Every structure is written in structure tokens, then in C-alpha cells.
Amino acid sequence: MPLFEIQNLSFHYPSLSKFELHQTDLKVEPGDLLGLLGPNGAGKSTLLKLMAGLLTPQEGRVLLNGQPIRAIPVRERAKIMAYVPQSLHFTFPLSVWEVVEMGRHPYLARFQPVSHKDRSICERAMELCDALDFKDRRYEELSGGERQRVLLASALAQTPQVLLLDEPTLSLDLAHQILLFEIIQKLHREEGVTVVVATHEINLAGRYLDRLVLMREGAMVADGTPAKVLTAKNIKTIHGVDVTPLKVGGKVPYFVPKGRRS
Amino acid sequence: MTSDSQKRMVLLFTIGFFLVVLIGCPLLGSTNISFQKVFQSWPPAPDNRDAQIFFTVRLPRGFLAVLTGAAMATAGVVFQAVLRNPLACPFTLGIAGGSSFGAVAAIALGLTAGFGGFSMVTLFAFLGAILSIILVYSLATVIRSYSATTLLLAGIGINYFFNALVLLFYFMADFTQSYAMMHWLMGSLDVIEMDSVMRLMVVVVAGFIILFSMGRELNLLSAGEELAQVKGVSTVRVILLSVLTASLMTSACVSLTGPIAFVGLIVPHIYRLFVGNDHRYLLTCSALGGAAFLMLCDTLCRSFFGTTELPVGVITALIGVPVLLGLLFRKRTYLT
């Protein structure tokens, strides 16, 4: 049974007349390391939010382990699936540890304190995400790259089967982008977590992910392995930019954009 | 940031401070009474003047201060978390305006009779507070959004509306009535029977337990509804339950005391500086600290100005605001 099954999904935001997503079908199998690629406004984030159960589709449905996502109680949902937003701002500052500990919420009863086991799960999550060093610092003091790793650790503390990541490398420098993708790859390989990640990074996605879905204007354009899907023609289709493929070792070429007019 | 041991230290200190204030304050006042004489015999002899003052006058008043301070501070923490706004306080959703309107209406109509041990002014104040809550919720329900902005705007709008009605009543009132209105509007912890205080205690304690049980959910909610939901919080249910509970606690207190300003705003912020923003610590410390703070302020009001009593709301603001501002300047790290 697929982990996620998206059937004939249509969604638009109430205030906008323009369709965000139309009649989308997608299956995410357990063990997938899937990237959603596409320009701004292609519907990547919207699709992730629909998968996370944060939005209700107008048509079609999202099944998680065969059950409609909105029919699963939020607590149970949070044990199976973790969602990492693009960014997060706390009105009242919390420490990094407190943010990661939030991941244990679905497992704790009302008055139940955090157990030793919960603590070690949180610590392991931070270790995997390279975030253990700043455990006692305030979340708001961290750099963008550090914050993303803390949010990832907090998601991992939910011990989910699947991670949904919404543009985790947005506004990160090159080194932190690579670090984040390496962590994602490690989580997939060593922890067996299924990952769905929305991203703009064509080259990093081609290098680190196993399966890519290309989206444009709320529709899916292509779906397959990076080697199959990442072609100059497909990139031109979704981004409207001419690119030159460069073979630098590995199966997937790197793509260097040309100017729009040159 | 705040470590667990520091949080525990602050909590222990607050408990100690609370106990000292709880026992010490009723001994202070315009008439001096001695601790030994109060507890000379049990039950206290009828001719024991000190025990009479202690048990029938000062203790009920002290309990009222403790319950009101605890309820205000707790409600302040909850409103700030749910509305994700550091300026939120127990009165943000229009409770002060609603209850003032009720009380002033009762005074203007000359209703003096009581019902079930409460005066008409108290009952009307409570009804006014409930009315404002119902209005805020109906507004939010009609537009199908319980988001922070909706509740905040609806609450502030309704508060202004009721305040306008209060001014209208005040404008039309005669001299005696306007004095009574002003007295109520300034807030006071005047003499009250132990009966009403005990009933209030049930409301405040039950409310606190409900809110404390949602501590973790409030942590998540203060980070945003989306994050709370993906971490397993039924956001709408928690928002409704917590805001309703906090509103009822506040309404019950305000109808007995009048709107006492600043406790619900200042006490939570003082504790945010010391225990951070984990709501299980924050709620407990704020409740005890708010209780002690209001009792201390009330003792000052009734003790050190001869036979006249200052309105307690004046003291809470005059002491609370400099304390908060001083801490902000010292700590600097707050609200980056």
C-alpha cells in the first residue's frame, strides 16, 4: 500500500480565483526520497500542506496509509507524519531544547511529564540533525541554517514514517544547503524515513534525491528518477529558462542557466 | 536560556513568597494585631478581637485578592499565548468593558436587591462580561475564523463599544450614582463574605487545573496554529476551551472586584523573564506570583494611608509598571 495516495486533488484558496492545483494524482511509496520541483507558485507548498492535512481540498482526496488524512485524529497523524514549515517565528522565545521537545507532544498524555526515553529520542534527533551543540541556546538567536536543523530535529522527534519538508534550503548559503541535503539523505538511508521535499535547488535535488516530480502552474509535468526527469527540455518547460547540462561525474548532469535573452 | 534548575528555583522562591504574603499580610493593617494572639486558641474565642479581625475581615479580603491575582495572571498568560500577542491581557476580549457596562447599568437602574448572596451590581457585571464573550464568539463564528487577529479585533471593538455605553450612563447619572460608578470602575477588594470567596475559589481552582492541563498545547499554539496542528494539537478545540475558561475565571473575579488593571499584563511578563515561555512553569509561577502581588498591593492600599483606602488598581500599576520596565532594561534580551 502506498504511504500517500493523492487522488484527483483540486484546490484553490478562497480569496483567489486562480486555480492552485488541479486534478493531481500522486503516489508516495514507503522508502521514497521524493523532491517536488517547480517555480514559485507552481503549487509545491500547497500540495505539501494538503498532504499534511492543513488544508481541505475542494475535490479529490489525500489518503495516508489508506485512510483519508482529515479523518485521522491530529494526534495520530502527528505520529505518522511530520511537517517542517519554511520558517517559524515564536512570539515568545523558546530554547532549542524546548522546540525539539515539542515533537514528543503526540505521545504524551495531559499531565504526563517527559520521560527519559522521550529525552533520548530528542537527543538522538538533534544528533542526527547536527543540532546538539546549540541545545541550550534560544531558537531566535540561531542562524537560518541552524534553525532549519532544529525544526528538522523537532520533526524527527515525532519518530514519523514520513517527513514533509517545505523548501528547507530557502535562504541558506551553499554550505548549509549541502549540509541539509546530506542530513536528509542520511535520515532516509539510516533511519528509513520516507521524505517528500519541496525545493528550488535543481542540482542538489538531482544529486541527493531518488525521485523527482516536476510541477508547473498547479499541474505535474514529469515524474521519475532524476536521470530521466532532469533534462534541459523539462527545465525549460517548468522554469522558462534555457539551461546547459554539464556532465561532472555521476549519473545526473548539472544544469547551468543561460540568460533569458542571450 | 532558562535551564530546568533555574525554573525550579524560581518556582520554589515564588511558592515561598506566596506563603509569606498569605500569612503575613492579614496581620498588617490600620489596626495592629499579633500573630500569637490570633492563634491563641482554636476555635478562636468570641472576645478575641485580633482573631475576629483576622478571620472575618482580613482573611476573606486577602483570599479575594489571592484568587483575583491568580486568575488575572493565569488568564493573561493564556490570552497572550493564544492570541500570540505580548500586549494581550485578560481584558483584551472585552471583559472589562462588558462587566463595567453591567455594573454601571445596575447602579443607574438603582437595583439594590441581591440574589443568591450576590449583589445586583455583581450579578449584572458578570452578565455583562458573559455578554461580551458571547458577542466576540458570535462574531468569530459568523465569519468562521477563530484566528488571533479575528478574536483580537472583535474583542477590542466590543470593549470600546461598551466603554462608550459606560460613559453614557456616567454622563446621565446623578451625583451619588456617579460616585458609586467611579468607585466600581476603579476596582477594589472591599469587605466581602467568606461565602462568595469560597464560590469564587471553586471557579478559579477548576479553571487553573483545566488551563494547566493544556500547558504543552499552549506552548505549541504560541508558535502558530499550523505548527501546533502538525504536532498533534486540535487547535480549534484548544483555543475555544482555553479562551472560554480564562474568560469565565476573569469574569467571575471582575464581577466581585471591578476591573483591576495591569496584574494580568505585568505578572506574566515578569515571569517570562525568569522562567522562559514553557507554559507549565509560566502558568504556575504567574498564578502564585499574581496572587501574592495583588495581596501585597491591597495591603499597601488599606494600611498606609490612614483611614482612607487607595484604589488597588492605582497601586498595582504604580508598582507593577516600574518593576516590569526595570527588568526589561536590565535583561535587555527580551522580545528580540
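Calculation rules
- Along every chain, residues carry numbers that run from 1 in the direction the sequence is written.
- Chains carry letters and ligands carry numbers; both start at the beginning, A for chains and 1 for ligands, and go up in the order they are written.
- Confidence filtering applies because this is a predicted model: local features only for residues at pLDDT of at least 70, side-chain atom pairs given and counted only at 80 or more, and all residues used for totals across whole chains, interfaces and linings.
- By definition, any uninterrupted DSSP run of H or I lasting at least four residues is a helix, any uninterrupted run of E lasting at least two residues is a strand, and each is numbered from the N terminus.
- Within these notes, the globule rule equals 2.2 Å times the number of residues to the 0.38 power, and the radius of gyration is based on C-alpha atoms.
- Distance between backbone-placed C-beta atoms decides contact: two residues are in contact if it is within 7 Å.
- Two strands qualify as a pair provided that DSSP identifies no fewer than 2 bridges between them.
- Here the axes come from fitting lines to C-alpha atoms, over the contacting stretch only for helices, and the angles between their N-to-C directions go from 0 to 180 degrees.
- For this classification, under 35 degrees means roughly parallel, over 145 means roughly antiparallel, 65 to 115 means roughly perpendicular, and everything else is oblique.
- Crossings are classed by handedness, with left-handed meaning an anticlockwise turn of the near helix from the far one by less than a right angle and right-handed meaning a clockwise turn.
- The residue classification treats Ala, Val, Leu, Ile, Met, Phe, Trp, Tyr, Cys and Pro as nonpolar and Asp, Glu, Lys and Arg as charged. All others, Gly included, are polar.

Novice: Go over the overall build of chain A, please, and point to the residues and values.
Specialist: Tallying secondary structure elements over chain A gives nine helices and 12 strands in all. In terms of overall size, chain A behaves like a compact globule, its C-alpha atoms giving a radius of gyration of 19 Å where 262 residues would be expected to give roughly 18 Å. In chain A, of all internal contacts separated by at least 6 residues, the share reaching a separation of at least 24 is 64%.

Novice: How would you sum up the pairing of strand 10 (residues 219–224) of chain A? Please name residues and give values.
Specialist: The sheet contact formed by strand 9 (residues 211–216) of chain A and strand 10 of chain A spans five bridges and is antiparallel. Directly across from L212 of chain A, in strand 10 of chain A, lies its bridge partner G224 of chain A.

Novice: Would you mind going over the packing of helix 8 (residues 194–213) of chain B against helix 13 (residues 279–303) of chain B in detail, with residue names and values included?
Specialist: All names here are of chain B. At a closest axis distance of 9 Å, the pairing of helix 8 and helix 13 adopts a crossing angle of 160 degrees. By the angle between their axes, helix 8 is roughly antiparallel relative to helix 13. Our pair here, helix 8 against helix 13, has a crossing hand that is right-handed. Taking contact as the criterion, the partners of F208, L211 and F212 in helix 8 are, on helix 13, R280, L283, T284 and A287. Classifying every residue of the contact of helix 8 with helix 13 gives five nonpolar, one polar and one charged.

Novice: For the sheet that holds strand 1 (residues 4–11) of chain A, give the residues involved together with the corresponding values.
Specialist: All names here are of chain A. Pairing within the open sheet is antiparallel, and its four strands lie in the order 2-1-4-5. Two strands lie at the open edges of the sheet, namely strand 2 (21–28) and strand 5 (67–68), each paired on one side alone. Note: strand 1 against strand 2, five bridges, orientation antiparallel. Residue pairing in the sheet places L9 in a bridge with T24 of strand 2. Here helix 1 (residues 44–51) sits on the sheet in contact with strand 1, strand 2 and strand 4 (59–64), set at roughly 120 degrees to strand 1.

Novice: Please provide a residue-by-residue account of the packing of helix 5 (residues 120–142) of chain B against helix 11 (residues 235–257) of chain B, values included.
Specialist: All names here are of chain B. At their nearest, the axes of helix 5 and helix 11 sit 8 Å apart, and the two run at 150 degrees to each other. Compared by their axis directions, helix 5 and helix 11 come out roughly antiparallel. Read as a crossing pair, helix 5 and helix 11 show a hand that is right-handed. Mapping the contact onto sequence places T122, A125, F126, A129, I130 and I133 in helix 5 and S247, S251, A252, V254, S255 and L256 in helix 11. Of the residues that constitute the contact of helix 5 with helix 11, the class distribution is eight nonpolar, four polar and no charged.

Novice: Give me the sheet that holds strand 9 of chain A: which residues, what numbers.
Specialist: The strands that make up a sheet pair up through hydrogen bonds in the backbone, lying either parallel or antiparallel. Residues and elements named next belong to chain A. Pairing within the open sheet is mixed, and its six strands lie in the order 6-7-8-3-9-10. Among the strands making up the open sheet, the edge pair consists of strand 6 (81–84) and strand 10. For this sheet, the mean inter-axis angle between neighbouring strands, taken without regard to orientation, is 15 degrees. Pairing geometry for strand 3 (residues 33–37) and strand 9, over four bridges, is parallel. Directly across from L34, in strand 9, lies its bridge partner R211.

Treat this as a map of the structure, not an account of what it does.
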